[in-house]
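Structure assessment
Residues per chain, in single letters:
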Amino acid sequence: MAPSTTSQRNVVFVDGIRTPFGKAGPKGMYAETRADDLVVKTIRELLRRNPQLDPARIDEVAVAATTQTGDQGLTIGRTAGILAGLPETVPGFAVDRMCAGAMTSVTTTASGIGFGQYDVVIAGGVEHMGRHPMGEGADPNPRFLADRLVDPSALVMGNTAENLHDRFPSITKDRTDAYAVASQNKYDAAKKAGFIADTLVPVATRSASGWGLATEDEPPRPGTTIEDLAKLKTPFRPAGRITAGNAAGLNDGATAAILAGEDTANELGLPVGMRMVGFAFQGVDPAVMGIGPVPATEKLLARTGLKIEDIGLFEINEAFAVQVLAFLEHYGIADDDPRVNQWGGAIACGHPLASSGVRLMTQLSRQFAQRPDVRYGLTTMCIGLGMGGTVIWENPIFDGAK
């Protein structure tokens, strides 16, 4: 007897949440907070916001972390699920694709949903860069350099961003600084409008001075000017172009999302924030890892039959301003195009590596709810060691008549 087969079904993003993002280091608001507790907070908040979801219906918990050690180790998807109070029957696993960890948590579990092996999953990521700096404990094989498999600059992300400037001489430091100021301003406007608060779960924190409550992102610098950024040092190259002002900082934070088959979401009465169209990952020269979103997007557009003109909203991770501008320049999109990062980006709010992919998705989902005139949106990011990842989503409330 032949085994039964399951046809592919629609995968939907039900809801997403994140902790406020903190500054990494001994003075950051999460300096005394465990990474796994940040994940627990997001899982519990998702369940609180979606009480119609019986936790026993969750088929998997996938949590990403770039540095999988200490409180980010021990198969954190499983341990965080137990700590969050999920039934012991709910399994979990850990993911590592550096900056695109949470994005990969989503795409991997979405594949299982589409194939009919999962109905509901929780996917997200965490990075406590204060406790676990990027590369902590890593031991790169000496053949990478001895056999000239990668340029030495490939192992330092700031150097790869300087290399990208070399590849795109039209992207000047003035342009990246202007983009960074715009990111700060857009984030501040979105925060004042109440859009950011809706994506956050408050986190109790502890420090030498006592208990506190993290309710807002710590990294933003409202009021930043181009003149301010022009004074900053260029730590990766003398007279370079990358500074702390036109790049994301070192941050702590966690994200999580509920994904489901659209049929299951309808059965359980779960909201449908957006529908997955497709995803793609692509490798590039590690020395210019910031260009990764371009070939990943090209690959996905070819797969889906869509064109870049079909995309009405873009959420592009701002690891470095030059990386976003290289993407926009490739597609002939203006630096200040209103479709791009409407609520600012990582240059303002922070980039806790493996968590950021779900932040992009959560914001896009909320923007779709405000924009029934937009059918398709895109989340994309560059990835350390030379990769890019892109996911295209469809707005479930799209009204083609508008």
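Naming follows an unreviewed UniProt entry, where the protein chain appears as Thiolase family protein of Rhodococcus tibetensis. The UniProt entry for the protein chain carries the following comment under Sequence similarities (unreviewed entry): "Belongs to the thiolase-like superfamily. Thiolase family."

Let us now look at the overall build of the protein chain. Counting its secondary structure elements, the protein chain contains twelve helices and twelve strands. Relative to the 2.2 N^0.38 estimate, which gives 21 Å for 402 residues, the radius of gyration of the protein chain is 20 Å and therefore close to what a compact globule would have. The principal-axis extent of the C-alpha atoms belonging to the protein chain is close to 65 × 55 × 50 Å. Here the protein chain holds 402 residues, and the buried ones make up 58% of them.

Turning next to the pairing of strand 11 (residues 376–383). Most of strand 11 is tucked away, with eight of its eight residues classed as buried. Alternating residues of strand 11 divide into Tyr376, Leu378, Thr380 and Cys382 and Gly377, Thr379, Met381 and Ile383, and every residue in both groups is buried. Judged from the five bridges that link them, strand 10 (residues 311–316) and strand 11 form a sheet pairing that is parallel. Across the sheet, Ile316 pairs through a bridge with Thr380, a residue of strand 11. The antiparallel hairpin formed by strand 11 and strand 12 (residues 387–394) contains three residues in its connecting segment, where Leu385 sits at a positive phi of about 70 degrees.

When charged atoms on two side chains of opposite charge get close, those side chains can pair. In total, this model carries 25 salt bridges according to the counting rule given. For Asp15, the salt bridge is made with Arg366, and the minimal N-O distance between the two is 3.5 Å. Here the residue Asp15 occupies a position in strand 1 (residues 11–18), and Arg366 occupies one in helix 12 (residues 356–370), the gap between them amounting to 351 residues. Taken individually, Asp15 and Arg366 each receive the classification buried, so the pair is uniform in this respect. Among the ionic pairs, Arg18 bridges to Asp217, the shortest N-O distance being 2.7 Å.

What follows covers the packing of aromatic side chains. In total, this model carries five aromatic pairs according to the counting rule given. With 5.1 Å between their ring centres and 20 degrees between their planes, Phe195 and Trp343 make a pair best called stacked. Remark: Trp343 occurs in the loop between helix 10 (321–330) and helix 11 (346–349) and Phe195 occurs in the loop between helix 6 (173–192) and strand 6 (203–207); sequence separation between them is 148 residues. In this structure Trp343 comes out as buried when scored by relative accessible area, which is 3%. Ring centres of Phe314 and Phe327 lie 6.3 Å apart, and the angle between their planes is 70 degrees; this geometry places the pair in the edge-to-face category. Remark: Phe327 occurs in helix 10 and Phe314 occurs in strand 10; sequence separation between them is 13 residues. The exposure classification of Phe314 matches that of Phe327, with both residues buried. Three or more aromatic residues joined by ring pairs form one cluster here, namely Phe314, Phe327 and Tyr331.

Listed under "domain: Thiolase C-terminal" (unreviewed entry) in the UniProt record, and renumbered for this structure, are residues 275–394. Secondary structure content for residues 275–394 is 34% helix and 26% strand, and the end C-alpha separation is 5 Å.

As a further point, take the layout of surface pockets. Considered as a void within the structure, the largest pocket measures approximately 1,100 Å³ in volume. The wall of the largest pocket is formed by 42 residues, among which Met129, Met134, Met157, Leu250 and Leu353 lie closest to the centre. Breaking the lining of the largest pocket down by element, the ones donating at least two residues are helix 5 (157–167) and helix 11. By residue class, the composition of the lining of the largest pocket is 29 nonpolar, nine polar and four charged.

On to the side chain of Glu315, then. Positionally, Glu315 belongs in strand 10. Although Glu315 lies buried, it forms no salt bridge, and the closest oppositely charged side chain, Arg359, sits 4.4 Å away as judged by the N-O distance. Within the structure, Glu315 has its side chain in polar contact with the side chain of Gln363 (distance 3.3 Å).

Analysis parameters
- Residues numbered from 1 in each chain as written.
- Predicted model: local features only at pLDDT ≥ 70, side-chain atom pairs only at ≥ 80, totals over all residues.
- Heavy atoms only, no water.
- UniProt positions renumbered as here; feature names shortened; annotations may be inferred.
- Helix = DSSP H or I, 4+ residues; strand = E, 2+ residues; numbered from the N terminus.
- Rg over C-alpha atoms; globule rule 2.2 N^0.38 Å.
- Buried < 20%, exposed > 50% of the residue type's maximum accessible area, 1.4 Å probe, protein only.
- Pairing = 2+ DSSP bridges.
- Salt bridge = Lys/Arg side-chain N within 4 Å of Asp/Glu carboxyl O.
- Phe/Tyr/Trp six-rings, centres within 6.5 Å; stacked < 30°, edge-to-face > 60°.
- 1 Å grid on protein atoms, 1.4 Å probe; cavity = no way out; pocket = protein on both sides within 12 Å on 5 of 7 lines; lining within 4 Å.
- Points joined across faces, edges and corners; volume = space filled by probe spheres on them.
- Nonpolar A, V, L, I, M, F, W, Y, C, P; charged D, E, K, R; others polar.
- Lys, Arg positive; Asp, Glu negative; His and termini not counted.
- Polar contact = N/O pair within 3.5 Å; in protein donor to acceptor, adjacent residues only side chain to side chain.

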